[in-house]
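Observations on the three-dimensional arrangement
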Amino acid sequence: MSESAEPAVDATDEEVDPDPDATGEAGAATAAAIPENGAAAVVAALESAGVETAFGVQGGAIMPVYDALYGSSIDHVTMAHEQGAAHAADAYGVVTGTPGVCLATSGPGATNLVTGIADASMDSDAMLALTGQVPSDMVGSDAFQETDTTGVTAPITKHNYFASDSTTVGDVVGEAFALSETGRPGPTLVDLPKDVSFGETDRAPKPPEPPARSKPDPEADPESVDAAARTIARAEKPLCLFGGGVIKGNATDEARAFAREHGIPVVTTMPGIGSFPEDDDLCLSWAGMHGTGYANMAISHTDCLIAVGTRFDDRLTGGVETFAPGADVVHVDIDPAEISKNVQADYPVVGDAGTVLDQIDAALDRSPDAGEWREQCTTWRDQYPMDYAVDPDEPVKPQFVVEAYDAATDDDAIVTTGVGQHQMWAAQYWTYTEPRTFVSSHGLGTMGYGLPGAIGARLAADDDRDVVCFDGDGSFLMTIQELSVAVRENLDVTVVVLNNEYIGMVRQWQDAFFEGRHMASEYDWMPEFDKLAEAFGARGFRVDEYDEVADVVAESLAYDGPSVVDVHVDPRENVYPMVSSGGANGEFALTEDQL
Amino acid sequence: MAGPRPDERPQPTARRNAQGIKVDPDAGAEHRRRTAVISALVEHEPGVLSRVSGLFSRRQFNIESLTVGPTTVEGHARITLVVEETDPGIDQAKKQLLKLTPVIAVGELESDAVRAELVLLKVRGTEPDKVHAITEMYEGRTLDAGPRTITVQITGDERKIDDAVDAFRQFGIIEIARTGQTALERGDSPTTPGEEPGHSAGGSATDEPTDDETTTDESTPNYDD
């Protein structure tokens, strides 16, 4: 929020004077303990929705709401940057299954939230953003710290609201909260002009309720269910594809029961990681660009793909021309607009994931005869194992570090990541068995998600669960300032920086597709993260050799507070398998020369 | 990692097309663009038009025309969109529209639906009699006539408007303003699913100045494609 010298003076004024345009009201508002104003109604609506934690940054136009939070039961966590607030709220929502809440002031506060809102939107994460706005009579005048926030965020929110009335602002906030988690989840935003926050009201907000039209029917039409069931029953090579929707729809029990009952192998998408236990014999882990070879072989050869809660992102499908080309596609989704958007659904089934899986199960008179197919999948698993070479004299392999932390933690430990090579290794070499334990930026691919994500996850999770953030050196540096928050709140998170002094995924692509010209991807000016951690007040560790790994893993996990482990990994290591962009899933490369 | 190389692995022979549709060797039809008239019933609130148009621009749908006006139901408005897209594109446009919270219902109009457009034409006033004759021919109205310019209004379907514009060219068109198409389903069929025609219309609602939007009344019987 850096400003030129002159506006900065305004900023100071702004923060001292609650509202230069409504001094009388403002004085009254701050003097009373809990004034009956719009801002108090906003906070009452949040409390009524069951909000316990909110993330944000103070500022001029949002001050009335913060003032109303003063006496509230809601635990407000001040973040170092609004982007951190949005990511923390997002991750909090992923872990708890209820919308995370973030707050920011108008203008730069709101625009700083934008990346986090877009991230939540791409991953269908429930989240409520509240932004301050300049007083209504100044809206549109390019006033100090003004932005057209509803305009800016319209394409990246499920819906947004411009609050125009103090008496109804509480209802609007409740509706936005409820809408965010109804049906297909997504971020919502309420823009709160300062006069509306300050304006008097004596009305308690209505209980949070989404607009009637936004409540989709959980049950699918029985005819579409029967048609899907008939196709599944006669399939010889059936395959379940579980996406993030299985987790967000709290349908993991039904999904697991369905696949096991009918002996159908399972692949997940990356957001679907944790929907099915990766140590189960039926599980082929996740498919897509850096998914397992066996998952991608199964996708390529299935004759009946039962896709639940996935939007067929291009990182999953590669080129759609070659995606599950011989399969009848049964597509289960709560959002009808996802049906046949990227891949044509031969059997569209619109409804809630768990409800529909139960419906299909009930409609199946027999399980498909898939014994041979299961054997084929096992053969692929043996042919294309996830593997890497360990040489004690060489730099540490990042995969080894991920496996070491996995081995040292329980099944319910939560992993958050930034975006890049480290994210892929964290997804590939950690064995996930529970939903809501892999918290990452999937669709938007936001570098810097990991640390604020870990803060949100930590505050959402019970104290006895471990929270481990795998980050890259480049990704960590993008939101490293949030370490101050982790220290201030004494949050027990372990940040493991897989440091290769490269923006590694870019380097990998430059090696593969740009003849090794490492334009702007060498990061050999990186700080020493262990020392930087100590400067913030966190514990710092450094790892250079294999024989240091075990001790540091144990110590960093045992430390009760934030710790940063700077692991200097093999800078040449790349992520494989790899389906080239737009390529066929089954043609994944196992080494660079296969690309 | 062992495993066969990509070219040694079994690969499926089937294919999909660029829309993700399984390629049927017998049909092999490609999706051609067609013109569709989509009607959306929406909450009449600030920002709804920008949400709708933003949705179309973000997804690179080509809007031929877009009209908006209130309906007989208080707080509702109708947006009529004409788009040129493939079938999957039109389907996606309708579904995405329906996802917008302020959108109540979305329907695609039948080909025999009543469609109309209004155009204002300002032409040189040197030959008023001939301008008048053409205006009569297209059942238009003269809205303004002066020594140098004549402004006329023509309503009707797109083809009639195109023809009229061509006919007026001989006088030298100075300015032109077209509204784009607006449309309603014929007879008792609701224009958007679930819509109840005449619902809460009351006695006076139809007397409101909405007549300007619903010029269909004047021109319906005359022109059909």
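Conventions adopted
Residues numbered from 1 in each chain as written. Chains lettered and ligands numbered in written order. Predicted model: local features only at pLDDT ≥ 70, side-chain atom pairs only at ≥ 80, totals over all residues. Heavy atoms only, no water. Helix = DSSP H or I, 4+ residues; strand = E, 2+ residues; numbered from the N terminus. Buried < 20%, exposed > 50% of the residue type's maximum accessible area, 1.4 Å probe, protein only. Contact = heavy atoms within 4.5 Å. Areas by Shrake-Rupley, 256 points an atom, 1.4 Å probe, with all protein chains shown as cover. Buried area = accessible area lost by both parts, 1.4 Å probe. Salt bridge = Lys/Arg side-chain N within 4 Å of Asp/Glu carboxyl O. Polar contact = N/O pair within 3.5 Å; in protein donor to acceptor, adjacent residues only side chain to side chain. Pairing = 2+ DSSP bridges. Axes fitted to C-alpha atoms, helices over the stretch in contact; angles between N-to-C directions.

1. Some points on the overall build of chain B
The number of helices and strands found in chain B is five helices and nine strands. Ordered by position from the N terminus, the helices and strands of chain B form the series β-α-β-β-α-β-β-α-β-β-α-β-β-α. Residue burial in chain B is summarised as follows: out of 225 residues, 39% are buried. Sequence separation of 24 or more characterises 73% of the internal contacts of chain B that already satisfy a separation of 6 or more. With an accessible surface of roughly 12,500 Å², chain B has 47% of that area assigned to carbon and sulfur atoms.

2. Quick word on the interface of chain A and chain B
Each side of the interface is counted separately: chain A has 42 residues, and chain B has 31 residues. Buried area between chain A and chain B, both sides added, is near 3,100 Å², and the carbon and sulfur share of it is 50%. Taken together, chain A and chain B are joined by four salt bridges. Here Asp-328 of chain A makes a salt bridge to Lys-22 of chain B, at a shortest N to O gap of 2.8 Å. Remark: the boundary between chain A and chain B carries 21 residue pairs in polar contact (both at pLDDT 80 or more).

3. Thoughts on the sheet that holds strand 2 (residues 63-70) of chain B
Residue and element names in this part refer to chain B. Pairing in this open sheet of four strands is antiparallel, and the strands run 2-3-1-4 from one edge to the other. In this open sheet, the two edge strands, each paired with only one partner strand, are strand 2 and strand 4 (103-108). Taken over all neighbouring pairs, the strand axes of this sheet differ in orientation by 15° on average, direction set aside. Alignment of strand 1 (residues 34-43) against strand 3 (residues 76-85), held across ten bridges, turns out to be antiparallel.

4. Points about the sheet that holds strand 6 (residues 187-193) of chain A
Residue and element names in this part refer to chain A. Taken together, the six strands give an open sheet; going across it, the order is 2-1-3-4-6-5, and neighbouring strands pair in parallel fashion. Two strands bound the open sheet, and with one partner strand each, they are strand 2 (75-78) and strand 5 (159-162). The sheet shows a mean angle of 20° between the axes of neighbouring strands, direction not considered. With four bridges joining them, strand 1 (residues 53-56) and strand 2 adopt parallel strand pairing. Bridge pairing in strand 2 links Thr-53 to Asp-75. Strands in contact with helix 5 (residues 82-96) are strand 1, strand 3 (100-104) and strand 4 (127-133); relative to strand 3, the strand with the most contacts, it is inclined by about 165°. Contacting strand 3, strand 4 and strand 6, helix 6 (residues 108-122) crosses the sheet at an angle of about 165° to strand 4.

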